[in-house]
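A structural walkthrough
Each chain, written out:
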Amino acid sequence: MNATTRSAQRAPTRRRGALVWLALLPFGLAILLFLLLPTLSLVWGSFHLRDGSFSPANYTFLLSPDQIRPFQNSVLLSASTMLVGGICGLVIGQALLSSGSLLVRELGVTFSSVAANFAGVPLAFAFIATLGVAGLVTRFLAGLGIDLYGAGFTLYSMVGLATVYAYFQLPLMVLLILPALQAMRREWREAAENLGAGRWYYLRRVAIPILLPSVIASMLLLFANAFGAYATAYALTTGFLAIVPIEISNVISGDVNFDPGQGDVLAIGLAFIMAICVVGQVWLQRRTSRWMQR
Amino acid sequence: MARLELHGISKRFGDQVAVAGFDLSVEDGELVTFLGPSGCGKTTTLRITAGFETPDTGSVVVDGSEVTGLPPNRRGMGMVFQGYALFPNMTARDNVEFGLAVRRRPPAERRRRVDELLGLFHLEHVAGHYPHQMSGGQQQRVALARAIAVEPSVLLLDEPLSAVDAKVREELRTEIRRMQGQLGITTILVTHDQAEALSISDRVVVMNSGVIEEVGTPARIYAEPRSAFTAGFIGAMNELPVRVASRREGLVERAGRRFAAPGATELPDGAAALLLVRPESLEPIEAAAAASEERPVLRGRVDVQTFLGATMRLFLGGVVWGAAAEGDHEIEQLAVDVPSSAAGRWPVGTELSVAIPVGSSRVIAARTAAEAAAVTRRPGSART
Amino acid sequence: MTGSRAAGAFWSAETSGTARAGRGSGRPPAWSLAVLVVSIVYFFLPLLGTAAFAFSTGKVFTLEYLAQGLTDPDALGSILLSAGFAVSTTVVAVVLVAPSAYLVELRLPGLRPVLDFVTILPFVIPPIILTLGLEEVYGIRGIFNLVGSPVLLVGGYFALTLPFVYRAIDNALRAVDVRTLTEAAESLGSGPFRTFLRVIVPSISTGILSAALLAFTTIMGEFTLASLMGYATFPVMLNNTYASASREAASLVLVSFMITWLSVLALALVARRSPTARQVATAR
Ligand SMILES: Nc1ncnc2c1ncn2[C@@H]1O[C@H](COP(=O)(O)OP(=O)(O)OP(=O)(O)O)[C@@H](O)[C@H]1O
Ligand SMILES: [Mg+2]
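Conventions we followed
- Residues numbered from 1 in each chain as written.
- Chains lettered and ligands numbered in written order.
- Predicted model: local features only at pLDDT ≥ 70, side-chain atom pairs only at ≥ 80, totals over all residues.
- Heavy atoms only, no water.
- Salt bridge = Lys/Arg side-chain N within 4 Å of Asp/Glu carboxyl O.
- Helix = DSSP H or I, 4+ residues; strand = E, 2+ residues; numbered from the N terminus.
- Buried < 20%, exposed > 50% of the residue type's maximum accessible area, 1.4 Å probe, protein only.
- Phe/Tyr/Trp six-rings, centres within 6.5 Å; stacked < 30°, edge-to-face > 60°.
- Lys NZ or Arg CZ within 6 Å of the ring centre and 35° of its normal.
- Pairing = 2+ DSSP bridges.
- pLDDT = per-residue confidence, 0-100.

On to the pattern of salt bridges, then. Tallied over the entire structure, the rule returns 26 salt bridges over all chains. Note that glutamate 27 of chain B is salt-bridged to arginine 3 of chain B, the shortest N-O span being 2.7 Å. Remark: arginine 3 of chain B occurs in the segment before β1 (4-13) and glutamate 27 of chain B occurs in the loop between β2 (16-26) and β3 (31-35); sequence separation between them is 24 residues. With a relative accessible area of 36%, glutamate 27 of chain B lands in the partly exposed category. With its nearest N and O atoms 3.6 Å apart, the salt bridge here joins glutamate 186 of chain C to arginine 107 of chain C. In this pair, glutamate 186 of chain C sits in helix α8 (residues 178-187) while arginine 107 of chain C sits in the loop between α4 (73-106) and α5 (112-124), placing the two residues 79 residues apart along the sequence. Bridged by salt links that share partners, the residues Arg186 and Glu190 of chain A together with Arg47 and Glu53 of chain B form one connected network.

Quick look at the packing of aromatic side chains now. Counted according to the given criterion, the structure contains 31 aromatic pairs over all chains. Geometrically, the ring pair formed by tyrosine 149 of chain A and phenylalanine 153 of chain A is edge-to-face, given 5.8 Å between the ring centres and 80° between the ring planes. For tyrosine 149 of chain A, a relative accessible area of 21% translates into the label partly exposed. An aromatic cluster of three or more residues is present, and its members are Phe111, Phe118, Phe127 and Tyr167 of chain A together with Tyr42, Phe43, Phe44, Phe257 and Trp261 of chain C. Stacked on the ring of phenylalanine 87 of chain B, the Lys or Arg arginine 146 of chain B has its end atom at 4.6 Å from the ring centre. The ring of tyrosine 222 of chain B has arginine 278 of chain B lying over it, and the distance from NZ or CZ to the ring centre is 3.7 Å.

This part takes up the pairing of strand β9 (residues 203-208) of chain B. Residues and elements named next belong to chain B. Across the 6 residues that make up β9, a large majority, 5, are buried. Sheet analysis places β3 next to β9, joined by 4 bridges and oriented parallel. Across the sheet, the residue bridging to leucine 35 is valine 206, located in β9. As defined by bridge partners, β9 adjoins strand β10 (residues 211-216) across 5 bridges and the pair is classed as antiparallel. Across the sheet, methionine 207 pairs through a bridge with isoleucine 212, a residue of β10.

Here we come to the confidence of the model for chain A. Across chain A, the average pLDDT comes to 87, with 93% of residues at 70 or higher. Here helix α1 (residues 3-46) of chain A stands out as the element of chain A with the lowest mean pLDDT, 79, in contrast to helix α9 (residues 199-227) of chain A, whose mean of 94 is the highest.

Next comes the structure, spelled out in structure tokens:
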């Protein structure tokens, strides 16, 4: 390209640059209006008192015994379903691969996709019909002489909620961890064996170190997934359980016990925990994907 | 080190026969290559030797004791895998140290041995690097060092050089040979690169669809291939269709001419056969020179010249035997190597006559249709 | 509960695990079979419970409740309402995201980190927080009053589905090398609009399709925003009926389950046509 054509093109190019920005405007505006502005509003609100003055005082509210409990409950709920879902999901994922059949693996992925998405109101009701006071399994067990509810179990408790959450946490783990399990190369095990390592030595020195970052990353997502979940908990307990998302929903529906700023602080607290999980996940995932490229 | 014997090894996967009746013994300190087209069972044989697959029949014997039933981690064999298989979570140093750590050698000894090996393979400067931070050649060196670290009785290399580029491949090839010679490890190397096989082995095992086609030194296999398959697989080779004229006298016949050819005595009279001649064996001659029973002559037109360094390969088209009439084209293409310095004498388009010197050709039975297909399928075929 | 959908779709798009055909010889180990059988039972148990509840009163099998559930005008209306929101949001999301992702890929690669950040944000801001934020900005005491306007819900759903809509489309864009395609089209005299509509869109159609399916199914099942903003969408209606007509609701739960199945299968079908879309689909 010679000099004249290049200079002749410069003006249109600049105009084109402006056009590109113009074309991006609707997208940017939508993000600003429906994602960034609400987020900023929460941050702004969390630092302002009812009278509009700036103050971090709202954050002391998070430390009040009343608010510590929902966070404790949420952490407990998320951590337990993360562990149960994570470990079972890992085992199921490996079982799908060990079966050696492509069909089984595909079916497993499909079933997991369905189960991971079958959450919220329908899931809560499905469990009521199954493990509720008059649920199918409850009655079946009663027929065997096992009285679930007599033994202290109830679906409408933290334990019950955790049981329901496990139903979508577990398949989500299968979906998240399967790529990492698939990326484990048979040659690694064989190379280890060839160098004299037994099964346990291979697991300890090779397989677990390679998989651990992916497992932790996936479990962080499970934690976040449970921590932010609202619909299932609400449908199951109609807002009785003190977990963070339900507390926030009470603020939204205009519970007079809450200051707007205090609601914002709750939201920021929740978002903060989500952010830790997400950042951790992204960091770990980067690390492993770097490892995996040959 | 060790002497390795494979007796009657067979293995099938479903109804796919991977290896059938494989017999071989590898002497102490010998380097043997398995050479053959993709899917011919090289890897399977190697994996059976290492203990990753159980053979359907046959046995693996090391130094007189059978190891067929032993798990891989108790065979004391070192293996280098087709795609390195370095542990991605360990540095080069840790990878090399792995086998020593399994064996609970004292730390000081481990460090000394690892340093020694990193030195041997010029890896000191990448000792702390993870596999993803190393080049293909470096990863391959680490894989070799890792396999050798535990002083295996037998070293098994599965296409160790296939994933590195041409220059590194040649370097590493020499390096492997030197290292193997120094340490005297009994070694099997799998490859489908004939140049690699010829350049570094004591003996070459040519394989084809699960069976051994032939075994011999590189020089022997190159000079006197015993089968059409080997001939087609190794080196550039002209294959000229002929017919056995007299088995007793060792004569073959083509275009009304009879001439002597080694190997003809092993085939029945009247059999369709192939006369094999290497491009470098053909001698350019004056057009007037006459053919004789000892020295058959071919004539053709130079179509293409390809520069190979010291020599220039001329591809002749419209090739006929001797001085037969125009139009009597019997051979589509003939490759002739001439010194590059002399190539100017035969620019594209000129006529060239070549003689097949006594003893430089060999007759074998014409290949069956199936064999022909196997050879043409081979990637990068150098056959002319 | 939108989180799990989004998470599945979004995250595993990054780790493209090379599917290695397991060449291991021999039968599958017994433990894996045992694990899979138990998993299958676990998977179907809640459905069995729901079906038993929906299709029978005591010992008699009946489709009465299903028929009642399906013919209830409230139920039909709520399904239509959900579908309306799902379709409009899907259209809005695809129309906003596809050209923008293309332009960023082509002309402003410097914006990528910004977009990566923005599209991760909805994971940090789950639906429940988003609702609070939207209420604050557009609610009764908000800066702009959008109370009662469906625009607010569509906007919220746009934010909710942004991560995987963007990711599905962006993956497809990267897979086809838009720069070369665009330059080829332009060198043949095609203008930017024509290039986008006639060259780029067809070549990323599977990405767009899976993005649309992901968005659609997510919104069909979305409860949080709809219920807190007072829309009687399908999940909200389900929640409201359960107390009064629980057997009808149970049969509708099965309908919702079927919808989930259909969308997963549709995604798998789309994915069959393109490896990039597959990663997204399997991730769900
Ligand atoms: N685990 C297995 N299951 C089924 N078939 C197999 C298995 N392993 C090998 N085969 C088949 O056995 C034959 C020999 O395979 P093998 O890997 O030994 O070939 P190869 O000579 O190493 O080929 P390449 O040069 O491509 O590596 C092939 O046809 C292959 O498809
Ligand atoms: Mg092989």
